[in-house]
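Next come the chains, spelled out residue by residue.
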Amino acid sequence: MKLHIARDIAEWARIAADTVMETVAGKPRPVFILPTGSTPLPLYAELVRRHAAGVSFAHVTTFNLDEYIGLPAGHPEGYRAFMKKNLFDHIDIPEGQWHIPDGLAADPDGAAARYDAALEAAGGADLAVLGVGHNGHIGFNEPGTPANSRTHVAELSEKTRRANARFFSSIDEVPSRALTLGLGNILSARRILLMARGADKADIIREVLRGPVTTLVPGSLLKQHADVTVVLDEAAAAGIQ
Ligand code: F6R
């Protein structure tokens with residue numbers, strides 16, 4: 001595991017973007033797993049900046065980690081809207097090459113199976129870019145999710161719904177289910193980039209990096225992967241220094 005602790009947000013974003021660029025530049029048709037949430041925003045801003053400076057992402061294929069089930073089409077907190085606003089509208093990945101789980105499918109289990117098959121058909125992920133929830137979830141794989149799980153319908157924990165309520169007008173509006181890539185899909189990625197920022201992530205980062213490997217802390221399973229890069233700021237790293 002490679003651990004980077006950045007001195008400031010600019011350095012954090014540069015290291016995360018450099019890690020992404022190694023895969024963008026190193027493969028003819030790279031496949032990424034991408035997160036939403038607050039954590040990746042400085043990374044996405046840096047990738048947009050690099051695109052404006054001449055970097056092309058036209059050969060990249062992406063699969064987002066997850067999507068809420070049941071948010072109305074075009075809802076600003078849907079992850080399709082999030083990705084367009086923060087990344088896809090500003091870089092040159094053709095629309096047919098980026099994928100978000102279909103949270104409005106009449107048959108969510110079927111949508112999960114189709115998403116899984118699409119990632120498989122693309123050859124699996126070269127790089128999985130991840131944030132981590134306060135309970136250790138990655139994607140929406142909550143504590144207790146099996147390590148070999150594939151794309152599935154996840155029930156969101158109360159803790160996760162409360163954490164995400166900051167994006168909605170009340171917790172009642174936060175969907176209780178989501179489609180998510182499974183831990184098996186994530187752990188099958190050839191490389192993993194785990195990112196965290198802020199003091200509120202210090203406890204879970206200590207558990208993930210220094211605690212036992214257990215499905216009760218899904219992020220801790222990443223320690224079993226052979227090629228993981230971790231990018232933290234000093235606040236998120238406070239518990240491990
Ligand atoms: C989002 C995702 C989640 C987030 C996690 C941290 O696609 O997969 O696992 O990475 O909930 O969220 P933030 O970054 O908002 O703290």
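Residues numbered from 1 in each chain as written. Predicted model: local features only at pLDDT ≥ 70, side-chain atom pairs only at ≥ 80, totals over all residues. Heavy atoms only, no water.

1. Considerations on the environment of Leu41
And then number 1: Along the chain, Leu41 falls in helix α2 (residues 41-52).
And then number 2: The exposure class assigned to Leu41 is partly exposed, which follows from its relative accessible area of 33%.
And then number 3: As for Leu41 and Asn86, which are separated by 45 residues in sequence, their C-alpha atoms are 7.2 Å apart.
And then number 4: Discounting chain neighbours no more than four positions away, the residues touching Leu41 are Phe82 and Asn86. (Helix = DSSP H or I, 4+ residues; strand = E, 2+ residues; numbered from the N terminus. Buried < 20%, exposed > 50% of the residue type's maximum accessible area, 1.4 Å probe, protein only. Contact = heavy atoms within 4.5 Å.)

2. A look at helix α7 (residues 202-210)
And then number 1: Turning to α7, its buried residues are Ala202, Ile204, Ile205, Val208 and Leu209. For α7, the angular spread of buried residues about the axis comes to 160°, placing them on one side.
And then number 2: Looking at the buried residues of α7, the elements they touch are β1 (2-6), β9 (191-196) and β10 (228-233). (Arc of directions from axis to C-beta.)

3. A look at the nonpolar core
And then number 1: The biggest cluster of nonpolar side chains holds 31 residues, and the ones touching the most others in it are Leu130, Val132, Ile186, Ile192 and Leu232.
And then number 2: Counting only elements with at least two residues in this core, the list comes to β2 (31-34), α4 (108-121), β6 (127-130), α6 (183-187), β9, α7 and β10.
And then number 3: In terms of residue count, α7 provides more of this core than any other element does, four residues in total.
And then number 4: Discounting chain neighbours no more than four positions away, the residues touching Leu232 are Leu3, His4, Ile5, Ala6, Trp12, Ala196, Ile205, Leu209, Ala237 and Ile240.
And then number 5: Ranked by size, the runner-up nonpolar core spans 29 residues in total, among them Ala17, Val20, Leu34 and Leu47. (Core = buried A, V, L, I, M, F, W, Y, C linked by side-chain atoms within 4.5 Å.)

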